[in-house]
Every structure is written in C-alpha cells, then in structure tokens.
Amino acid sequence: MTSKIKSSNTLLTFDANEVTNIKLVWDIEELKNKDKEDKAHIKDEEEEEEEEEEDGPISFHPSFSHQIFNDEQVQGYEACKIDIYMGAGSLTSYIDTNYTLQSKNLTNVEGELLKVFSKQDPPISKQSFYKFIEEKEKSFKPIGKKIHEYTITDKESGEETEYEVYFGRITDQAVFRYHEKLQIFVLWYIDGSSYIWTDDPNWDIFFIFEKRIIDGEKRYGITGYSTIYNFYHHPEQTRARISQYLILPPYQRMGHGKYLFNSIYQYYKTNDGFYGPVYDVTIEDPADDFNLLRNYVDLKNIIDEKLFDNVILDLNANNKSVFEEIRKKLLIPYKQSKVCLEIYLFSKFLVTPNSNPKYKEFRIAIKKRLYKQNIGDSEQIEKMKQQVAQENEDNLRLEQEELQELQDIENKKNGTNIKVAINTKELITPSEPEKSKEEIEKDRLEEILRLYKELEENYHKTLSSLNLITK
C-alpha cells in the first residue's frame, strides 16, 4: 500500500488512477469524520476505506488519467497522496496532495490538475473549502430547468432516493460555468474524450441530481449528465446528437442511464432544438455498454407503443413506413430501428432449431450486414496503408534527390564523385507476407462469426433486461 512507503532517495512510480481519490462532500460532518479517522491511525487501510464509505465523503477512483499524467503515472520519492474533494452539488473543489511544485517529487500533481480544472472556479485552499461546505454547499440549487423526476428503490434496504433531471443550454452563463467545473469527469471516465467547444451555442446539457433531506433542508448532488449537439436538418429542423453521456461511478448500475436517456427523448419530443423541431436523436461513436443501454431503451419504447405490431417479420422486407412512424413518435433514427427489429426478431427464434429455414435466413441476413460493415472497412484501411507506403517511398526518393543535389555541389568543389544512398529497407517497415485469397477470405469469415457471436450475446442481454427471455 502506498501509505506505508516512506520518503526515500529511490524514485517511485505510482498508478495515477489507483492513488487518486475523488470525494463528493455533502456536508461538513463528513469532513469532520474523515479528519477524526486521519488522526486516529488505529485502523488498517481497508477498515478506513469501509468507514469512509459509511461516514465520510463518497469516494471513488478515476478510470483514466492519461490526459492529465503521462502514461497514467506519478513519480516521486515518497508515498503519493492525491485526494480531490468536491462539493457534491456545487463542485467547488480542493486538491489535497503532497506532490506539489514545492516538493522534491518529480511529478507536480497539483500543477497538472490545475491545467484541466475550471479556470473560472479553480480549486481553493483547505480552509476555504471547509468553510464553503459548512456555510454555502447547502444553498446549492440545480442548474437549468427541471424537466423530470424519478425515484430509485434500493433492492437490499428498500430505501427510496429521489432524483431530478434538469435541462440547460450552453448559452446560459450559469450552465456554462457549472459545466466548466463538471467536464473534468469526462477525462476521468470516457476514454479518448475531450472538452467540448463551449463557444458554440449549439450545445444542450442534461443533468441528473440526487435530492436528499439533511437537517430538514433539501440538498442536491450531481449524479450524471449528457451533452447534446444540435445539427441542422433541412428544411428547418434539428438533429440532436448525444456526444458525452456519463453516470458517475457511485450511481452506476442503478438504472439512471435509462432515466436520463428517456428524459432526453421526452424533452425533444415537445421542445425545439437549436434550428427547430427535432427530427431524431443520434449518437456520436457509442461504446459497447452504451449500445446495450440504447438498445434496451429504444426497443422497450417501441414495444410499449406497439409500433412493431404491424411490422413484417423479415429483415429483407420493406418496413420503411414502420420505421418512419417510429422516428416521428419516438425520435429513433431509421438505422437504429432496424437494429431494434433485429433484436425483436431474434427473440422470436430463441426456441427455434438452427435448421429452420426462416431462422437460417435471419442469421445470414445479419452476417451479410456485418460483412458489409466490417470487411468493407478493412479493405478501405488496406488501401490506405498501401497509399501511405507509396507516399513514404516517394518522399524518400525526393529526399535522396535533394541530398544528391547538395552532394553534387560539394563534388564540384572537391573534384569528387560521391553518391548519396538512403537505405530504404531500414526506413520502411517491411510488409507482412501476402496471403492467398483463400486465406484472406477464411480470416474474414472467422471475424464475421466472432462478431455475430458477440452480437448474439448482446441481444440476449437486451432481451433479458426486457424480461422477454429468462436470464
């Protein structure tokens, strides 16, 4: 454990995710309890963590830190401590670390974190943070306009917790300023993410806040959020694209994702986007887990509205009129409706023998789609590789010609006849041995079978979530 490592002359390396603790603070009592634990030093580290969950601030680690620390590593000569305290609702912050610019440690943790925190509301001192939590955190109110509320019941305790969903546009200065404090979470939890360009007025943001009653007063804490970009759609409509979608770790696997998704749909059904009525809601580069959530929400909404009652149960049939009705009523894009139909049809074949002609036709149709989507892409990538290789060779040839021109000038002066030669074999990565057409096709088919198996597993998960099959 890093807490047992003492200062030394040996350079130590720590995993930035493991040593970083993000703590959401609701009231001053949580900080007082934590201070008591820090002074006691009578419990082992595991017991302290359990106690912190019960009486101290909600605490969790980042999943990614590479956009803050190189290779997600922190280096120094003593045990690394990185505790990031944030007001549960206000997100007012304080960084508690011994890896500062003044320390002899190699990584300036404080300095690197300050680069990605809010510039309008940067982290404050410990004394100021404690005072803020004691006096002002309780007065925090959610940002934006309330559009929905819901309750989640704990399966073990039976305790109910209330949540509220709020909508805001980035052009609202309160939304802009709050989002600037909130967006650091996308660096920690969405791989490859980046901050959105907030000078663009096309951004909408949906927030979820947990509501608690503390000392008889309503208190709020951030639970999750999503950013939406408004694209123009001819003639005077908006295509809303979900860009970032995040439920904070303490609230994951509780059902918040579906509530936020449906809140987005419901809002845009009755409210215009930036350019006018919303045509549909699309997704920007969805991760696998998000696709599972999306498929669950969309298929449930379609079934609840009985919009598949008149669909032709055949992937090759013309169901455009059904898909158009789904788009108009639920804002689900045509392509996503086809995915939902695939899952719906798959449920009809769960007890069907593989030899059944209809089931066989269904599987072939999906594999053809997978082949077209994935193999087509790989062929394009291969062409691009060949183009790059050719460009590299051309560049090397030009470089050799230029060097030879320079050498010829020297040859003239010195009466020499030196020739420049660049070893292209050392500069160009050798290509892999070419495969036969049969080997290439075999590899492709194996990849399609793998993708199909993965797709079946995901469809099973969706149908299980909808209680359409037994888990």
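What counts and how
- Residues numbered from 1 in each chain as written.
- Predicted model: local features only at pLDDT ≥ 70, side-chain atom pairs only at ≥ 80, totals over all residues.
- Heavy atoms only, no water.
- Helix = DSSP H or I, 4+ residues; strand = E, 2+ residues; numbered from the N terminus.
- Contact = heavy atoms within 4.5 Å.
- Areas by Shrake-Rupley, 256 points an atom, 1.4 Å probe, with all protein chains shown as cover.
- Salt bridge = Lys/Arg side-chain N within 4 Å of Asp/Glu carboxyl O.
- Buried < 20%, exposed > 50% of the residue type's maximum accessible area, 1.4 Å probe, protein only.
- Arc of directions from axis to C-beta.
- Patch = residues over 30% accessible without salt bridge, like charges linked within 9 Å, V, L, I, M, F, W, Y side chains within 5 Å.
- Phe/Tyr/Trp six-rings, centres within 6.5 Å; stacked < 30°, edge-to-face > 60°.
- Lys NZ or Arg CZ within 6 Å of the ring centre and 35° of its normal.
- Pairing = 2+ DSSP bridges.
- Axes fitted to C-alpha atoms, helices over the stretch in contact; angles between N-to-C directions.
- Core = buried A, V, L, I, M, F, W, Y, C linked by side-chain atoms within 4.5 Å.
- Polar contact = N/O pair within 3.5 Å; in protein donor to acceptor, adjacent residues only side chain to side chain.

(A) Representation of the overall build of the protein within the structure. Check the secondary structure of the protein and you find 14 helices and 12 strands. Within the protein, contacts between residues at least 6 apart in sequence are counted, and of these 69% link residues at least 24 apart. By element, 48% of the accessible surface of the protein is carried by carbon and sulfur atoms, the whole surface being about 27500 Å².

(B) Inspection of the pattern of salt bridges at higher detail. Evaluation of the coordinates by the stated rule reveals 19 salt bridges. The partner of Lys211 in a salt bridge is Glu164, with the nearest N and O atoms 3.5 Å apart. Here Lys211 is found in strand β9 (residues 203–214), whereas its partner Glu164 is found in strand β8 (residues 160–169), with 47 residues between them in sequence. The network of salt bridges with shared partners includes Lys146, Glu149, Glu162, Glu164 and Lys211.

(C) Representation of helix α10 (residues 320–330) in the model. Buried residues of α10: Val322, Phe323, Ile326, Arg327 and Leu330, and no others. Projection of α10 onto a plane perpendicular to its axis shows the buried side chains occupying an angular sector of 140°, all on one side. Exposed side chains of α10 directed beyond 90 degrees from the buried face belong to Lys320, Ser321 and Lys328. Backbone geometry just after α10 places Leu331 at a positive phi near 65°.

(D) Broad picture of a nonpolar patch on the surface. There is a patch of nonpolar side chains on the surface, built from Tyr232, Phe274 and Tyr275 and spanning about 300 Å² of accessible area. On the secondary structure map, Tyr232 appears in strand β10 (residues 217–233). Accessibility expressed as a relative area gives 46% for Tyr232, which makes it partly exposed.

(E) Seen up close, the packing of aromatic side chains. What the rule picks out here adds up to 34 aromatic pairs. The ring of Trp26 has Arg212 sitting right over it, with the charged end atom 3.9 Å from the ring centre.

(F) Representation of the sheet that holds strand β7 (residues 145–153) within the structure. Strand order in the open sheet made by the six strands is β7-β8-β9-β10-β11-β12, with mixed pairing throughout. If you trace the sheet from one side to the other, it starts and ends with β7 and β12 (278–283), each paired once. Going across the sheet, the axis of each strand differs from the next one's by a mean of 25°, ignoring polarity. Two strands pair when backbone bridges link them, and β9 and β10 are joined in this way by 12 bridges, in the antiparallel orientation. Its bridge partner lying in β10, Arg212 is registered against Arg219. Helix-sheet contacts for helix α8 (residues 256–270) involve β7, β8, β9, β10, β11 (237–247) and β12, and the interaxial angle to β11 is about 160°. Taken strand by strand, helix α9 (residues 288–304) contacts β11 and β12, and its axis lies near 140° from that of β12.

(G) The arrangement of the sheet that holds strand β5 (residues 82–87) in detail. A sheet is described by the order of its strands in space; here four strands give the open sequence β3-β2-β5-β6, paired in mixed fashion. Each edge of the sheet is formed by a strand with only one pairing partner; in this case those strands are β3 (58–60) and β6 (93–97). The sheet shows a mean angle of 20° between the axes of neighbouring strands, direction not considered. Strands in contact with helix α4 (residues 109–116) are β5 and β6; relative to β6, the strand with the most contacts, it is inclined by about 160°.

(H) The arrangement of the nonpolar core in detail. If you look at the biggest cluster of nonpolar residues, it comprises 107 residues, and the most contacted ones within it are Phe185, Phe207, Tyr268 and Phe308. Residue contacts for Phe185: discarding those within four places in its chain leaves Ile22, Leu24, Phe60, Met86, Leu91, Ile190, Leu246 and Leu248. Val25, Leu31, Tyr85 and Phe132 belong to the second-largest nonpolar core, a separate cluster that totals nine residues.

(I) Layout of the side chain of Ser226. By the secondary structure assignment, Ser226 is in strand β10. The exposure class assigned to Ser226 is buried, which follows from its relative accessible area of 0%. A polar atom in the side chain of Ser226 sits 2.9 Å from the backbone oxygen of Gln244. In contact with Ser226, other than residues within four places in its own chain, are Asp204, Ile205, Phe206, Ile242, Gln244, Tyr245, Leu260 and Ile264.

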